[in-house]
Amino acid sequence: MTSPVVGVLALQGDVREHLVALATADAVARPVRRPEELAEVDGIVLPGGESTTISKLAVLFGLMEPLRARVRDGLPVYGTCAGMILLADKILDPRSGQETVGGIDMIVRRNAFGRQNESFEAAVDVRGVEGDPVEGVFIRAPWVESVGARAEVLAEYDGHIVAVRQDNALATSFHPELTGDHRMHALFVEMVRARQAAGSL
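What counts, and where the lines are drawn
Residues numbered from 1 in each chain as written. Predicted model: local features only at pLDDT ≥ 70, side-chain atom pairs only at ≥ 80, totals over all residues. Heavy atoms only, no water. Phe/Tyr/Trp six-rings, centres within 6.5 Å; stacked < 30°, edge-to-face > 60°. Helix = DSSP H or I, 4+ residues; strand = E, 2+ residues; numbered from the N terminus. Buried < 20%, exposed > 50% of the residue type's maximum accessible area, 1.4 Å probe, protein only. Lys, Arg positive; Asp, Glu negative; His and termini not counted. Salt bridge = Lys/Arg side-chain N within 4 Å of Asp/Glu carboxyl O. Polar contact = N/O pair within 3.5 Å; in protein donor to acceptor, adjacent residues only side chain to side chain. Contact = heavy atoms within 4.5 Å. Core = buried A, V, L, I, M, F, W, Y, C linked by side-chain atoms within 4.5 Å. Arc of directions from axis to C-beta.

Draft legend 1. Focus on the packing of aromatic side chains. Overall, the coordinates contain nine aromatic pairs when judged by the stated rule. Considering the side-chain rings of phenylalanine 113 and tyrosine 157, the 6.3 Å spacing of their centres and the 50° angle between planes classify their relative orientation as tilted. A residue pair is termed long-range when its members are at least 10 positions apart, and phenylalanine 113 in the loop between strand 6 (104-109) and strand 7 (120-124) and tyrosine 157 in strand 10 (residues 152-157) qualify at 44 residues. Note on phenylalanine 113: relative accessible area 15%, which makes it buried. With a relative accessible area of 27%, tyrosine 157 lands in the partly exposed category.

And the structure:
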């Protein structure tokens, strides 16, 4: 099977690290800044950064509505940190003008783990990832307050939900792309492959 084409929303945030992690996970990784680039990918990563800035830039670049439509149609999507906030159907404390792509029936609290200087690393047991716990980097990280019936909790840390999956959408509070462990990206690439296989039946 040919390697799937996986985009990284390249409007703001740690784009390069995701591109490297995806390539290591045997995907063809491409930055996505325009609707025509979005149309060419088999899956997309919404990176960490500043969720309000990313959402406003997505509107400005004409990407928000096409992104919502493709996610609604089953495009595999993986959001890390700010990307998790973008995938939430509801934000507990949104900033003015902040929009989400949606896709996961969850309520997310922004910056829940604290400010930039309270960033930390922690080992996280993630359901579906074999071997040792995933090393999670938490930077002004959100957590999930609650999930709906269709969303599956994959991991918790310190009593809070930090990884969730719903259908073809995956989200983590932490940044796996900032470590040398690319198992979360490999899990996502497998989700993309499964979607491709289902579409070819």
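The structure having been displayed, the exposition proceeds.
Draft legend 2. Quick peek at the side chain of aspartate 14. Tracing the backbone shows aspartate 14 in the loop between strand 1 (5-9) and helix 1 (15-24). Arginine 16 is the oppositely charged side chain nearest to the buried, salt-bridge-free aspartate 14, at an N-O distance of 9.6 Å. Within the structure, the side chain of aspartate 14 is placed 3.2 Å from the backbone nitrogen of glycine 48, a separation counted as a polar contact. Of the polar contacts made by the side chain of aspartate 14, one reaches the side chain of histidine 175; its length is 3.2 Å. If near-sequence neighbours (up to four positions away) are discounted, aspartate 14 is found in contact with Pro47, Gly48, His175, Glu177 and Leu178.

Draft legend 3. Up close: the side chain of histidine 185. With respect to the helices and strands, histidine 185 occurs in helix 6 (residues 183-199). With a relative accessible area of 0%, histidine 185 lands in the buried category.

Draft legend 4. Seen up close, the nonpolar core. Judged by nonpolar contacts, the single largest core of 34 residues is most densely connected at Leu9, Leu38, Ile44, Leu46, Leu67, Ile104 and Met106. Considering every element that reaches this core, the biggest residue donor is helix 5 (residues 82-87), with five residues. If you look at the next biggest cluster of nonpolar residues, it comprises 31 residues, including Val15, Tyr78, Ala141 and Phe188.

Draft legend 5. Structural detail: the environment of glutamate 118. As for its placement among the helices and strands, glutamate 118 is situated in the loop between strand 6 and strand 7. When the C-alpha positions of glutamate 118 and threonine 100 are compared, they lie 25 Å apart, and in sequence the two are 18 residues distant.

Draft legend 6. Inspection of the environment of glutamate 156 at higher detail. Along the chain, glutamate 156 falls in strand 10. Between the C-alpha atom of glutamate 156 and that of tryptophan 143, which follows or precedes it by 13 residues, the distance is 9.2 Å. Not counting chain neighbours up to four residues away, the residues in contact with glutamate 156 comprise Val124, Ile161 and Val162.

Draft legend 7. Focus on the pattern of salt bridges. Under the criterion given, the structure shown has 13 salt bridges. Arginine 150 is the salt-bridge partner of aspartate 167, the closest N and O atoms lying 2.3 Å from each other. Placement of aspartate 167 in the loop between strand 11 (160-166) and strand 12 (169-172) and of arginine 150 in the loop between strand 9 (143-147) and strand 10 is noted, with a sequence separation of 17 residues between them. Connected through shared salt-bridge partners, Asp26, Glu190 and Arg193 make up one network.

Draft legend 8. Representation of helix 1. Along helix 1, the residues that are buried comprise Val15, His18, Ala21 and Leu22. What you see down the axis of helix 1 is that its buried residues fit within an arc of 125°, all on one side. For helix 1, the exposed residues set more than 90 degrees away from the buried face come down to Arg16 and Thr24. In this structure, the buried residues of helix 1 make contact with strand 1, strand 2 (28-32), strand 3 (43-46), strand 4 (77-80) and helix 6. Immediately downstream of helix 1, the backbone of aspartate 26 shows phi near 70°, a positive value.

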